[in-house]
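Coordinate analysis (summary)
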Amino acid sequence: MSEHVLPKRLYFVIFVSLVVLTAITTGVAFIDLGPFNTVVALVIAVFKATLVVLFFMHLKYQTGMTRVVIVAALLWLAVLIGITMSDVFTRHWTEKGSSWQRSSIISPYRQTASAAPRLPRRA
Amino acid sequence: MSTVAVEVTPTLPEVHYLNADYGWRSWLFTTDHKRIAWLYLFAITGFFAVGGLMATLMRLNLVEPQGALMEPASYNKLFTAHGLIMIFFFLAPSIPTVLGNFLIPIMIGARDVAFPKLNLLSWYIFMLAGSVFMLAVIRGGVDTGWTLYTPLSTTYANGHVLSAAVGIFISGFSSILTGLNFMVTIHKMRAPGMTWFRLPLFIWSLYATSVIFVLAMPVIAITLALIALERVFHVGIFDPALGGDPILFQHLFWFFGHPEVYILILPSMGVISELVAAGCRKRVFGYSFVAFSSVAIAAISFMVWGLHMFLTGQSVYAGFVFSALSFAVAIPSAIKVFNWTATMHKASVSYDAPMLYAIGFIGLFTIGGLTGLFLASLGTDVHLHDTYFVVAHFHYVMVGGAIMGYLGGLHLWWPKMTGKLYPEAWARFACLLVFAGFNLTFGPQFILGYLGMPRRYAVYPPEFQVLNVMSSAGASILAVGYFIPLVYFTWSAFKGPVAGPNPWGAKGLEWTIPSPPPTNNFDVTPIVTQEAYAYGHEEAHVG
Ligand code: HEM
Ligand SMILES: [Cu+2]
């Protein structure tokens, strides 16, 4: 255990930033940014997670194994997302769906921003 | 096989971990890793019995093409419960929580694991998970297959998918805690002089397994949570009508699922290394290759998951990549097989029960692994996917491989765990029954699959009956083979002859302390000056 006592103020600042960022995420959700809806939400979320890991979880003040563990975890996540995407981006999407599909739900990934209809919600 | 010159009748130590304390409290609230191993042993033996009973019912049903026993709907629930129980509640915990818990601290010269209370907590979480899951099964069960594919498990679910998923979700936490505990223990608790390259290979393989536990289990937990999110709150994740992608479920499931199969086999490989060394009285050939192949398997196993998805909607280009990577994961497995065989070369091999299990493992695992390569070839898989060939493949690795290793390990360390010997002749007989029964059960399934019989059906065309009857007959022999050890182990625990500290004349720290060990394992912390396989000078050079 490396005893690294941080000033209370720092925790408070981080906490407030997290709350503010949450508010921003909520706010942005009301504005339609097209394909950037998800991007913006994810960027903010990653930023928040980073703050938590660095300060609340003290990664900033740790060395050695702890960092190895974090880097390994991120690497694994990259493998998961990376190879999954290699499927999604090379899949054979058909323009016309099978009878059980609604035409609007074919290839959500291929649709251009302007053409992309909001996917239908189940009642 | 004993080569001890002077025969002295061994006696049990006066005080040991089994009699240090009495009463149910001393077991249910114990933090002794050796007692926790027993708690797990009882629990998973129960799950094995339930899962095995389900398998027996399935094989009985398949004796007749029309299904001899039950409706297809019940059959679906049966194979789903069988798969989930065997994988999550028997095989995954088997070697790590029983043999691993018992042996890891002793093998590295420690008094307990790093977090003894957490160790006990893992068991309680495991029992909670098992109860929640069994409740779902009793209340009506799940019919999706153990893979829980969407949309069967979401849009079209008609069973107790959610409550079963909660059970599996909880069991993941038990595994994560066990994995963490083992990793920290192996890093921090090694006795002075116990360097990484003096560790028994069993420890290396359990270390690799723990890494997979910690990295893979959260993914299945998250995936099941996403199912719940979609079903309860209609968030579009897997359902295309809500903007989701059903194949995403398969990606997430197999990103966990393929490493999971290595959670099942890696510990067994570690046991085999110990069995082969003890049975040949020799250092395992190419120690560091065997050690690093465990780590390599753990790493590569996370990059091949798409081999399960060649025909289920994944892009063919991703299929190429996964196929190539799958061939890579077979390399470290093959290294192990070659090195065990090389160890046996020119050794004076004993044919005691543990070694028989090891030899059985090597043969059956090789068949299982090689047929995996057939399946991993894109073209062949078109023909073989979702047939009995796949069923035979994975039973060769999981039953012929993993369970043989578990039983072999139990036979090697039983005298350490109880201080008692079991009847060797019965043990050899049971091992031969298991081997014969196993091959008769699953050998015909390769042919059935090749001929085109699909898996997961309660009925089949009449021309497949002969092979199916053979398979069912084999299953009954296998069941007897599993039952006999239960009988003689129980007998041995109460009435067996005293074993003494080292009945096999084997090397390794666990054989230097009394059987059964004292609660503290070592009265004084051992100072390690040699590797775990210091079997005499001349043999040491062979490796
Ligand atoms: C030597 C490396 C291995 C390779 C290349 C390999 C390859 C494959 C492939 C391609 C499949 C999918 C077949 C299909 O559905 O069409 C498969 C299925 C399976 N394998 Fe392996 N395998 C290997 C080792 C193992 C091991 C060691 C285990 C377990 C201990 C295992 C357990 C399974 C299971 C459980 C399935 C079926 C999953 C399901 O229910 O669909 N495999 N294997
Ligand atoms: Cu796999």
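It should be emphasised that the depicted structure is a prediction, and the values quoted were computed from it without experimental measurement. (Residues numbered from 1 in each chain as written. Chains lettered and ligands numbered in written order. Predicted model: local features only at pLDDT ≥ 70, side-chain atom pairs only at ≥ 80, totals over all residues. Heavy atoms only, no water.)

What follows deals with the overall build of chain B. Across its full length, chain B holds 15 helices and 0 strands. In terms of overall size, chain B behaves like a compact globule, its C-alpha atoms giving a radius of gyration of 23 Å where 543 residues would be expected to give roughly 24 Å. Counting only C-alpha atoms and orienting by the principal axes, one finds that chain B spans roughly 75 × 45 × 45 Å. The proportion of buried residues among the 543 residues of chain B is 59%. In chain B, the proportion of contacts linking residues at least 24 apart, taken out of those at least 6 apart, comes to 83%. Total accessible area on chain B stands at roughly 20400 Å², and carbon and sulfur atoms take up 71% of it. Side-chain charges of chain B comprise 24 positive and 23 negative groups, with the mean position of each set lying 7 Å from the other. (Helix = DSSP H or I, 4+ residues; strand = E, 2+ residues; numbered from the N terminus. Rg over C-alpha atoms; globule rule 2.2 N^0.38 Å. Buried < 20%, exposed > 50% of the residue type's maximum accessible area, 1.4 Å probe, protein only. Contact = heavy atoms within 4.5 Å. Areas by Shrake-Rupley, 256 points an atom, 1.4 Å probe, with all protein chains shown as cover. Lys, Arg positive; Asp, Glu negative; His and termini not counted. Charge placed at Lys NZ, Arg CZ, Asp CG, Glu CD.)

Attention now goes to the coordination of the copper ion (ligand 2). Residue and element names in this part refer to chain B. On the protein side, the copper ion (ligand 2) has His258 (ND1) and His308 (NE2) as donor atoms, found 1.8 to 2.0 Å from it. Here the copper ion (ligand 2) and the iron atom of ligand 1 are spaced 4.4 Å apart. With His258 in helix α7 (residues 246-280) and His308 in the loop between α8 (287-300) and α9 (316-344), this residue pair connects regions lying 50 residues apart in the sequence. (Donors = N, O, S within 2.8 Å, 3.2 Å for Na, K, Ca; no water.)

Leu99, Phe133 and Phe361 of chain B are the most contacted members of the largest nonpolar core, which has 187 residues in total. A total of 21 residues in this core trace back to one element, the largest contributor, which is helix α3 (residues 72-107) of chain B. In contact with Phe133 of chain B, other than residues within four places in its own chain, are Leu84, Ile85, Phe89, Ala164, Gly167 and Ile168 of chain B. Listed in part, the 6 residues of the second largest apolar core include Leu18, Ile44, Leu51 and Phe55 of chain A. (Core = buried A, V, L, I, M, F, W, Y, C linked by side-chain atoms within 4.5 Å.)

On the protein, His393 of chain B (NE2) is the one donor atom to the iron atom of ligand 1, at 2.1 Å. Within the element layout of this structure, His393 of chain B appears in helix α12 (residues 388-418).

Residues and elements named next belong to chain B. A full pass over the atoms with the stated rule returns 7 salt bridges over all chains. The shortest N-O distance in the salt bridge between Asp352 and Arg428 comes to 3.3 Å. Residue Asp352 is found in the loop between α9 and α10 (353-376), and its partner Arg428 is found in helix α13 (residues 424-451); the two are separated by 76 residues along the sequence. Its relative accessible area of 8% is what places Asp352 among the buried residues. In this structure Arg428 comes out as partly exposed when scored by relative accessible area, which is 34%. Between Asp386 and Arg455 there is a salt bridge, with the nearest N and O atoms lying 3.4 Å from each other. Of this pair, Asp386 sits in the loop between α11 (378-384) and α12 while Arg455 sits in the loop between α13 and α14 (465-495), and the two are 69 residues apart along the sequence. Residue classification places Arg455 among the buried positions, given a relative accessible area of 14%. (Salt bridge = Lys/Arg side-chain N within 4 Å of Asp/Glu carboxyl O.)

The next point concerns the site of ligand 1. Residue and element names in this part refer to chain B. Around ligand 1, 20 residues are found, and the nearest of them are Trp146, Asp381, His385, His393 and Arg455. Contacts to ligand 1 include Trp146, whose side-chain N or O atom sits 2.8 Å from an oxygen atom. In this structure, His393 approaches ligand 1 through a side-chain N or O atom, which is 2.9 Å from a nitrogen atom. Looking at the shell around ligand 1, the elements that each hand over two or more residues are α7, α10 and α12. Residue composition of the shell around ligand 1, by class: 13 nonpolar, 5 polar and 2 charged. (Near = heavy atom within 4 Å. Polar contact = N/O pair within 3.5 Å; in protein donor to acceptor, adjacent residues only side chain to side chain. Nonpolar A, V, L, I, M, F, W, Y, C, P; charged D, E, K, R; others polar.)

So, about the interface of chain B and chain A. In this assembly, 25 residues from chain B lie in contact with 17 residues from chain A. Summed over both sides, the interface between chain B and chain A buries roughly 1900 Å², with carbon and sulfur atoms accounting for 67% of that surface. The shortest N-O distance in the salt bridge between Arg91 of chain A and Asp245 of chain B comes to 3.2 Å. Put simply, chain B and chain A have 4 residue pairs in polar contact (both at pLDDT 80 or more) between them. Of all the elements in the fold, those that place two or more residues in the side of chain B that touches chain A are α7 and α9 of chain B. (Buried area = accessible area lost by both parts, 1.4 Å probe.)

So, on to the packing of aromatic side chains. Per the stated rule, a full pass over the model turns up 49 aromatic pairs over all chains. Note on Trp76 of chain A and Phe302 of chain B: the rings are 5.4 Å apart at their centroids and 75 degrees apart in plane angle, and the pair reads as edge-to-face. On the criterion of chain membership, the pair formed by Trp76 of chain A in helix α3 (residues 65-88) and Phe302 of chain B in the loop between α8 and α9 is interchain, its members lying in two chains. For the pair Trp76 of chain A and Phe302 of chain B, a shared accessibility class is recorded, and that class is buried. Among the aromatic side chains, those forming a connected cluster through ring pairs are Phe88, Trp146, Tyr149, Phe238, Phe249, Phe253, Trp254 and Phe256 of chain B. (Phe/Tyr/Trp six-rings, centres within 6.5 Å; stacked < 30°, edge-to-face > 60°.)

For α13 of chain B, spanning 28 residues, the distance from its first C-alpha to its last is 41 Å, which sits close to the expected 40 Å at 1.5 Å a residue. Downstream of α13 of chain B by a residue or two, Gly452 of chain B has a phi angle that is positive, lying close to 110 degrees. (Expected span 1.5 Å × (residues − 1).)

On to unusual backbone geometry, then. Residue and element names in this part refer to chain B. Cis geometry is adopted by the peptide bond preceding Pro151, which originates at Thr150 and carries an omega value of 0 degrees. Locating Pro151 in the fold gives a position in the loop between α4 (116-138) and α5 (161-188). For the bond running from Ser515 to Pro516, omega is -10 degrees, close enough to zero to count as cis. Locating Pro516 in the fold gives a position in the loop between α14 and α15 (537-542). At Asp386, a position not held by glycine, the phi torsion is positive, near 55 degrees. Phi is positive for Arg456, which is not a glycine, with a value near 65 degrees. Mapped onto the secondary structure, Arg456 falls in the loop between α13 and α14. Residue classification places Arg456 among the partly exposed positions, given a relative accessible area of 26%.

All names here are of chain B. Between α5 and helix α6 (residues 201-233), the least distance of the axes is 8 Å, while the angle of their chain directions is 155 degrees. Here α5 lies roughly antiparallel to α6, going by the angle between them. Crossing of α5 over α6 shows left-handed handedness. (Axes fitted to C-alpha atoms, helices over the stretch in contact; angles between N-to-C directions. Parallel < 35°, antiparallel > 145°, perpendicular 65-115°, else oblique. Left-handed = near helix turned anticlockwise from the far one by under 90°.)

Another aspect to go through is the domain arrangement of chain A. For chain A, the domain assignment lists domain 1 (1-57) and domain 2 (63-91). Summarising the inter-unit geometry, the C-alpha centres of domain 1 of chain A and domain 2 of chain A are found 21 Å apart. (Domains from an automatic or database assignment.)

So, on to α9 of chain B. A rise of 1.5 Å per residue sets the reference length of α9 of chain B, with its 29 residues, at 42 Å; its end C-alpha atoms lie 43 Å apart and thus fit the reference within 8%. Just downstream of α9 of chain B, Lys346 of chain B is the residue with a positive phi angle, here 60 degrees.

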